[in-house]
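# Commentary on secondary and tertiary structure
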Amino acid sequence: MTITTRPSPQALTRPPSSQRVALAASVLLLGLLTIVFLSLTHGSVALTGAELLAAALRQGSDIHHTILWDLRLPRLLAALLVGAALGLSGALLQGMLRNGLASPFLLGISAGAGLMVVLMIGLNLVQLWVPLGAWLGAVVTTLLVYLLARTGTTLSIERLILGGVAFSSLFGAVQSLLLLNSPDGQFQAALNWLIGSLNGRGWAEVTLVGPGLVVAAIAGCLLARQVNVLCLGDDLATGLGTSLLRSRCLIGGVATLLAAGAVSMAGLVGFVGLIVPHGVRLLVGTDYRLVLPFSTLGGALVLAGADLLARTGPVELPVGAVTALLGAPVFIALLYRRRFGGR
């Protein structure tokens with residue numbers, strides 16, 4: 001099944017009105033600020049606005065200092081970074097592949113990262129090595145998929161997708177076998193990571209992975225022109241002097257680094273990279289000069305909001321489960337709208 005995301009040349013040369021863009025930006029920024037405030041004030045110990053301000057200025061109760069600076073703020077930053085990376089990675093892949101079903105895990109990123117995490121937890125390595133191993137597994141798997149899809153000076157989109165599916169199936173089977181033969185404690189630790197969770201994420205993870213995600217996000221947003229050209233089709237892109245192999249390797253490489261960094265920090269969080277670009281295109285159109293930065297902002301908003309919901313109830317849920325529960329109905333609604341709305 002394919003959902004095309006190819007815009008017409010007229011759509012790329014006719015940007016949406018400035019009022020529409022300004023309204024979309026205002027809605028996203030207002031929603032993000034609201035989520036940030038609620039994430040910092042709500043939890044097992046609620047903080048008022050005055051208490052939050054005092055804790056931010058290192059005044060007031062020491063307990064409030066610890067809650068803000070050691071628990072909630074690093075977790076919030078982790079959610080924002082991971083969500084932004086997944087949203088931008090999904091937008092890059094959907095534009096590069098001209099397929100609305102593309103997501104950051106399409107190229108085997110999740111399977112490679114998951115297998116490495118299971119191996120490292122099984123070897124009882126220190127927690128710092130787990131995100132590094134996840135990042136390495138995701139990048140190596142994607143490189144293998146790219147090598148499989150490359151034919152001479154071209155990159156086959158069909159073989160790229162099929163290769164990602166094949167590696168995902170293989171690594172998923174190995175991962176399941178390792179989990180079934182592991183002790184209960186190791187099984188639970190690996191399962192918590194594979195479901196996707198931000199519980200316990202602190203400054204160590206943010207400072208280790210965050211700078212790389214920021215640099216990759218800036219690079220990704222600068223690739224808007226290449227994505228726009230690829231969306232026009234291979235023949236027209238080649239006629240405009242674009243190297244399809246170089247452009248796809250560059251875009252796919254940045255998307256992989258973003259997704260791998262997100263996976264290494266939060267585990268396998270699904271649906272963010274899939275649905276956020278669809279929602280953004282409904283807001284600002286198909287010009288990737290707008291789609292990419294707005295997908296970055298939208299991804300941060302969606303995952304921070306999902307994490308807030310995950311820890312609001314009496315029992316904290318994995319954020320990956322929340323995004324799946326919320327994302328699946330939203331994506332079905334988008335499919336329904338496209339079927340009957342013509343977009």
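To be clear, the structure that these remarks concern was listed above.
Residues numbered from 1 in each chain as written. Predicted model: local features only at pLDDT ≥ 70, side-chain atom pairs only at ≥ 80, totals over all residues. Heavy atoms only, no water.

Take the packing of helix α9 (residues 203-221) against helix α12 (residues 244-266) next. Close contact between α9 and α12 brings their axes to 9 Å; oriented N to C, the two are set at 160°. Judged by the angle between their axes, α9 and α12 are roughly antiparallel. α12 is crossed by α9, and the crossing has left-handed handedness. Contacts from Glu205, Val206, Val209, Gly210, Leu213, Ala216, Ala217, Ala219 and Gly220 of α9 reach α12 at Val254, Leu257, Leu258, Gly261, Ala262, Ser264 and Met265. (Axes fitted to C-alpha atoms, helices over the stretch in contact; angles between N-to-C directions. Helix = DSSP H or I, 4+ residues; strand = E, 2+ residues; numbered from the N terminus. Parallel < 35°, antiparallel > 145°, perpendicular 65-115°, else oblique. Left-handed = near helix turned anticlockwise from the far one by under 90°. Contact = heavy atoms within 4.5 Å.)

What follows concerns the packing of helix α6 (residues 129-149) against α12. Two packed helices can be described by the angle between their axes and the distance between those axes. The geometry of α6 relative to α12 is characterised by a closest axis approach of 8 Å and an angle of 155° between their N-to-C directions. One element, α6, and the other, α12, form an angle in the roughly antiparallel class. Two packed elements cross with a definite hand, and for α6 against α12 that hand is right-handed. Of the residues in α12, those touching α6 at Pro131, Ala134, Trp135, Ala138, Val139, Thr142 and Tyr146 are Arg248, Cys249, Gly252, Gly253, Thr256, Leu257, Ala260, Gly261 and Ser264. The class makeup of the residues in the contact of α6 with α12 is nine nonpolar, six polar and one charged. (Nonpolar A, V, L, I, M, F, W, Y, C, P; charged D, E, K, R; others polar.)

Now for helix α4 (residues 62-97). The terminal C-alpha atoms of α4, which comprises 36 residues, lie 51 Å apart, in line with the 52 Å expected from a rise of 1.5 Å per residue. Residue Arg72 marks the point of greatest curvature in α4, where the axis turns by about 35°; the proline Pro74 follows within four residues. Taking burial as the measure, the 36 residues of α4 include 28 buried ones, the bulk of the element. With a side-chain oxygen lying 3.1 Å from the backbone nitrogen of Ile63, the N-terminal cap of α4 falls on Ser61. Just beyond α4, the residue with positive phi is Arg98, at close to 55°. (Expected span 1.5 Å × (residues − 1). Bend = angle between axes of the 7 residues up to and from the residue. Buried < 20%, exposed > 50% of the residue type's maximum accessible area, 1.4 Å probe, protein only. Polar contact = N/O pair within 3.5 Å; in protein donor to acceptor, adjacent residues only side chain to side chain.)

With that out of the way, let us pick up unusual backbone geometry. In most cases, non-glycine residues show a negative phi, while peptide bonds are predominantly trans. We note that Arg58 has phi near 60°; this positive angle belongs to a residue other than glycine. Topologically, Arg58 is positioned in the loop between α3 (49-56) and α4. Relative accessible area serves as the criterion here: at 53%, Arg58 is assigned to the exposed category. For Arg98, which is not a glycine, the phi torsion comes out positive at approximately 55°. By the secondary structure assignment, Arg98 is in the loop between α4 and α5 (109-122). Owing to a relative accessible area of 17%, Arg98 belongs among the buried residues under this scheme.

Locating Asp234 in the fold gives a position in helix α11 (residues 234-239). Owing to a relative accessible area of 27%, Asp234 belongs among the partly exposed residues under this scheme. Along the chain, Asp234 and Leu244 lie ten residues apart, while their C-alpha atoms are 7.3 Å from each other. When residues no more than four places from it in sequence are discounted, the contact partners of Asp234 are Arg98, Leu244 and Arg248. A polar atom in the side chain of Asp234 sits 2.5 Å from the side chain of Arg248.

Our focus in this paragraph is the packing of aromatic side chains. This structure, assessed with the given rule, holds one aromatic pair. A centroid spacing of 5.7 Å and a plane angle of 45° characterise the contact between Phe167 and Phe171, whose relative ring orientation is tilted. You can see Phe167 and its partner Phe171 sitting in helix α7 (residues 157-180), four residues apart, about one turn around the helix. For the pair shown, Phe167 and Phe171 are each scored as buried. The ring centre of Trp69 lies 4.4 Å from the NZ or CZ of Arg58, which sits over that ring. (Phe/Tyr/Trp six-rings, centres within 6.5 Å; stacked < 30°, edge-to-face > 60°. Lys NZ or Arg CZ within 6 Å of the ring centre and 35° of its normal.)

Once that is clear, we can look at the pattern of salt bridges. Side chains bearing opposite charge may pair, as long as their charged atoms lie close to each other. The tally for this structure, following the rule as stated, stands at six salt bridges. The salt bridge partner of Arg75 is Asp307, with a shortest N-O separation of 2.8 Å. One end of the pair, Arg75, is in helix α4; the other, Asp307, is in helix α14 (residues 288-310), with 232 residues separating them in the sequence. Overall, Asp307 belongs to the buried group, its relative accessible area being 4%. The closest approach of N and O atoms between Arg248 and Asp234, which form a salt bridge, is 2.5 Å. Here Asp234 lies in helix α11 and Arg248 lies in helix α12, a separation of 14 residues in the sequence. Taking relative accessible area as the criterion, Arg248 reaches 3% and is therefore assigned buried. (Salt bridge = Lys/Arg side-chain N within 4 Å of Asp/Glu carboxyl O.)

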